[in-house]
Amino acid sequence: MKWRLSDLQQTLRRSPDEWPNVFVVFGDDAGQCSAHIDAVVKASGIAPDDPFAYEKIGLDSLLDSSGILAESAGTLSFGATRKLIRLTGVSGNLTKTQQAAVSDAILSVLNIPLTDVLIVCPLPGLDAKSKLVRELEKAKNVGCLRIFPDSARDLPRVLNELASSHGKRLSRGAMQILLDNLGADRAITALEVEKVCLYVGEREEVTETDVLAVLAAAPSVNIFKLCDAVGNRDRAAVDTHLAELWNEGEDGNFVLLMLARHLERLAE
């Protein structure tokens, strides 16, 4: 069954007894695929460290035995009232033969009665044209969500939510540097925000200086000093910071681009 993000969110607010037995999240952003599946696992109430209730089945196991998923789904572990199975290692990078084997393994589960079993399948890199996705979207007992990379409009909200999850807030300068240097991969974005939040320690606000000190892709701090000097019309400081940037080997075109962005923001 095709889902929108709102469908997933509404489902997770209901009792797990009312959920479909299979959750699938696919698309171009591996980080988002994993994050939405993590949300399903958390809402299920099943602890990932419970060996009786939580099981991972990797790609190699699926390829070695196409029936392993159906066998696991049909067997409730001792002492567990509900079982969760998570597929790992499946992506759009597989060969056609591998995709066919994985498809057979997942689709075979839909032909058996599933009781007290939840199967979660992050499928990064697969698109809506793949055979597996087309078949899963037709199934009634499957919630199938397609995700898209974060757009420029979405990224500020995502950054604020990630910082808030660590008990932090981003200053305007910190937000702008992150926006200028992070792309659409949610996993990388989450990792970089986590690193910055750990760096600031007990402080609640993440500043521009914190981001520059931690972010792997951040430009030289002298670029921002140069931008400030230009904005303040401080010719001596401009000359100093330009010389420092040349000594660092910074690309002149990149410096001009950063200056243009800075002046554009000042003009807003």
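Residues numbered from 1 in each chain as written. Predicted model: local features only at pLDDT ≥ 70, side-chain atom pairs only at ≥ 80, totals over all residues. Heavy atoms only, no water.

Q: Report on the overall build of the protein chain, specifying residues and quantitative values.
A: When its secondary structure is counted, the protein chain shows 13 helices and 8 strands. Here the C-alpha atoms of the protein chain give a radius of gyration of 24 Å, more than 25% beyond the 18 Å that 2.2 N^0.38 yields for 268 residues. The proportion of buried residues among the 268 residues of the protein chain is 42%. Excluding contacts between residues fewer than 6 apart, the proportion of contacts in the protein chain whose partners are at least 24 apart in sequence is 72%. Total accessible area on the protein chain is roughly 14,600 Å²; 50% of this is exposed by carbon and sulfur atoms. (Helix = DSSP H or I, 4+ residues; strand = E, 2+ residues; numbered from the N terminus. Rg over C-alpha atoms; globule rule 2.2 N^0.38 Å. Buried < 20%, exposed > 50% of the residue type's maximum accessible area, 1.4 Å probe, protein only. Contact = heavy atoms within 4.5 Å. Areas by Shrake-Rupley, 256 points an atom, 1.4 Å probe, with all protein chains shown as cover.)

Q: Would you mind going over the packing of helix α7 (residues 155-165) against helix α9 (residues 186-199) in detail, with residue names and values included?
A: Following both chains from N to C, one finds α7 and α9 inclined at 45°, their axes separated by 10 Å at the closest point. With respect to α9, the axis of α7 lies oblique. Relative to α9, α7 is oriented so that their crossing is right-handed. Along the contact surface, α7 presents Leu-155, Val-158, Leu-159, Leu-162 and Ala-163, while α9 presents Arg-186, Thr-189, Ala-190, Val-193 and Cys-197. Here the contact of α7 with α9 is built from residues that sort into 8 nonpolar, 1 polar and 1 charged. (Axes fitted to C-alpha atoms, helices over the stretch in contact; angles between N-to-C directions. Parallel < 35°, antiparallel > 145°, perpendicular 65-115°, else oblique. Left-handed = near helix turned anticlockwise from the far one by under 90°. Nonpolar A, V, L, I, M, F, W, Y, C, P; charged D, E, K, R; others polar.)

Q: Outline the packing of aromatic side chains, supporting the account with residue identities and numerical values.
A: Using the criterion set out here, one finds 2 aromatic pairs in the structure. Judged by centre distance (5.6 Å) and plane angle (75°), the rings of Trp-3 and Phe-23 are edge-to-face. Placement of Trp-3 in strand β1 (residues 2-3) and of Phe-23 in strand β2 (residues 22-27) is noted, with a sequence separation of 20 residues between them. Residue Phe-23 is classed as buried on the basis of its relative accessible area, which comes to 2%. (Phe/Tyr/Trp six-rings, centres within 6.5 Å; stacked < 30°, edge-to-face > 60°.)

Q: Hey, could you go over the state of the cysteines for me, with residue numbers and the actual values?
A: Tallying each qualifying case throughout the model produces 0 disulfides. As a non-bridged cysteine, Cys-33 has Cys-144 as the owner of its nearest cysteine sulfur, 10 Å distant. Overall, the relative accessible area of 0% leaves Cys-33 in the buried class. (Disulfide = S-S within 2.5 Å.)

Q: Lay out the confidence of the model for the protein chain with the relevant residues and their values.
A: On average, residues of the protein chain score 84 in pLDDT, and 90% of them reach the 70 mark or higher. Of all secondary-structure elements in the protein chain, the lowest mean pLDDT belongs to helix α13 (residues 252-267), at 70, while strand β7 (residues 169-170) reaches the highest, 95. (pLDDT = per-residue confidence, 0-100.)

Q: Help me get a handle on the sheet that holds β1, residues and values and all.
A: What holds strands together in a sheet is hydrogen bonding between their backbones, with the strands either parallel or antiparallel. If you trace the 6 strands from one edge of the open sheet to the other, you get β1-β6-β2-β5-β4-β3, paired in parallel fashion. A strand with exactly one partner marks an edge of an open sheet, and here the two such strands are β1 and β3 (54-58). Relative to strand β5 (residues 117-124), β2 runs parallel, the two sharing 6 bridges. The residue bridging Phe-26 from the neighbouring strand is Leu-123, located in β5. Its contacts with the sheet put helix α2 (residues 30-44) on β2, β3, β4 (83-88), β5 and β6 (142-147), and the angle it makes with β5 is roughly 170°. (Pairing = 2+ DSSP bridges.)

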